[in-house]
Amino acid sequence: MNTDALSLVMKYLSRALMLLLLMPVLNYVKGTVAKKMGDDTAEMAGRITLNPMAHLDLLGSLMIMLIGFGWSKPLPINYNRMKNSRVGAVVMAITGPLTLFIMAILCKNIAEILYYLLTGMTGVAVYLIFSILGSLATCIGVIHLLPLPGMDGFTLIYHLAGNKFVSWYHRNQRTIDQVSFYILLFLFFVGDLTRGAFDPLGWIIAFFNFIFSLTTLWVPFVFG
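Since this is a predicted model, take the numbers as computed values, not measurements.

K.L.:
I'd like to hear about the side chain of D199, residue by residue, with values.
P.N.:
Topologically, D199 is positioned in the loop between α8 (173-193) and α9 (200-213). We note that D199 is buried and unpaired, the nearest opposite charge coming from R195 at a distance of 13 Å. A polar side-chain atom of D199 sits 3.1 Å from the main-chain amide nitrogen of G202.

Shown next as structure tokens:
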């Protein structure tokens, strides 16, 4: 198998691992944090589990496999059941991206370590799997930070902004949600359409990937 074919196989294998590993871990952590904050809605719905079948959404899973971006079943969270709903919402909004970024760092470090420990095509294959998986976790983490409805970045703004913002959003929720969806699609595809000439989301993701790659600089000194 040549390098291009191997890269293609690894890309789709990594996307499958995102569905079977990253998404369940993300929802498990968020559900656990919600429970610690006083809301057991996710637990009652059977979502505090690492079983991927409890989290998979058919359309979202297909999107992930086809284009690398999609979603799992929405995690049921009731902020009103938390000890402090505002604090709980902020903590939950931070938990999502933070969990993904930690997983990205772990995947990148595992990729580098196994690259030195394994040899031949096995080493290359395993390196590609964890490297791409780390990049996907970074990508999703950055997307979660966007200040668009449905994203953790917007949740932060919604719960930290004043009543005027909240009222404005609810008065125009339908329009704002629709526009935000198109903005997200634009950000996700504009890089490919312009062949990288204009790709703000890609630039941000690349920056985070660069920062996270710095955490692997120790690996060659230990395993090289």
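Structure shown, so let's carry the discussion forward.
K.L.:
Give a detailed account of the nonpolar core, specifying residues and quantitative values.
P.N.:
With 28 residues, the main nonpolar core has M18, L22, I143, L146, M151, L184 and L201 as its most contacted residues. Looking at this core, the elements with two or more residues in it are α1 (3-36), α4 (85-117), α5 (120-145), α8 and α9. Looking at this core, the element that brings in the most residues is α5, giving seven residues. With sequence-adjacent residues up to four places away left out, I143 is seen in contact with F69, M151, L184, F188 and L201.

K.L.:
So what about the side chain of S61? Which residues, and what values?
P.N.:
Looking at where S61 falls in the secondary structure, it is placed in helix α3 (residues 58-67). When near neighbours in sequence (up to four residues on either side) are disregarded, S61 contacts L19, L56 and W71.

K.L.:
Please provide a residue-by-residue account of the packing of aromatic side chains, values included.
P.N.:
All told, the structure shown has 16 aromatic pairs when counted by the stated rule. On the numbers, 6.2 Å between centres and 35 degrees between planes, the contact of F154 with Y158 is tilted. Of this pair, F154 and Y158 both sit in helix α6 (residues 152-160), four residues apart, which is roughly one turn of the helix. Site record: aromatic cluster; members linked through ring pairs are F154, Y158, F165, W168 and Y169. Note that R15 overlies the ring of Y12, its terminal NZ or CZ placed 5.2 Å from the centroid.

K.L.:
Give me the lowdown on the environment of L217, citing residues and values where you can.
P.N.:
Inspection of the secondary structure assignment puts L217 in the loop between α9 and α10 (219-223). You can call L217 exposed: its relative accessible area is 52%.

K.L.:
Could you give an account of the pattern of salt bridges, with specific residues and numbers?
P.N.:
Tallied over the full model, the rule gives three salt bridges. The partner of K35 in a salt bridge is E43, with the nearest N and O atoms 2.7 Å apart. Taking relative accessible area as the criterion, K35 reaches 42% and is therefore assigned partly exposed. Under the relative-accessibility criterion, E43 is labelled partly exposed at 35%. Two residues, R81 and D40, come together in a salt bridge whose shortest N-O distance is 3.0 Å. With R81 in the loop between α3 and α4 and D40 in the loop between α1 and α2 (41-44), this residue pair connects regions lying 41 residues apart in the sequence. Since its relative accessible area comes to 22%, D40 is described here as partly exposed.

K.L.:
I'd like a description of α3, backed by residues and values.
P.N.:
Of all the residues in α3, the buried ones are G60, S61 and I64. The buried residues of α3 all sit within an arc of 100 degrees when viewed along its axis, so they share a single face. Turned more than 90 degrees from where α3 packs its buried face, L58, L59 and L66 sit exposed. Where α3 begins, the side chain of D57 points an oxygen toward the backbone nitrogen of L59, at a separation of 3.2 Å.

Cut-offs and rules
- Residues numbered from 1 in each chain as written.
- Predicted model: local features only at pLDDT ≥ 70, side-chain atom pairs only at ≥ 80, totals over all residues.
- Heavy atoms only, no water.
- Helix = DSSP H or I, 4+ residues; strand = E, 2+ residues; numbered from the N terminus.
- Buried < 20%, exposed > 50% of the residue type's maximum accessible area, 1.4 Å probe, protein only.
- Lys, Arg positive; Asp, Glu negative; His and termini not counted.
- Salt bridge = Lys/Arg side-chain N within 4 Å of Asp/Glu carboxyl O.
- Polar contact = N/O pair within 3.5 Å; in protein donor to acceptor, adjacent residues only side chain to side chain.
- Core = buried A, V, L, I, M, F, W, Y, C linked by side-chain atoms within 4.5 Å.
- Contact = heavy atoms within 4.5 Å.
- Phe/Tyr/Trp six-rings, centres within 6.5 Å; stacked < 30°, edge-to-face > 60°.
- Lys NZ or Arg CZ within 6 Å of the ring centre and 35° of its normal.
- Arc of directions from axis to C-beta.

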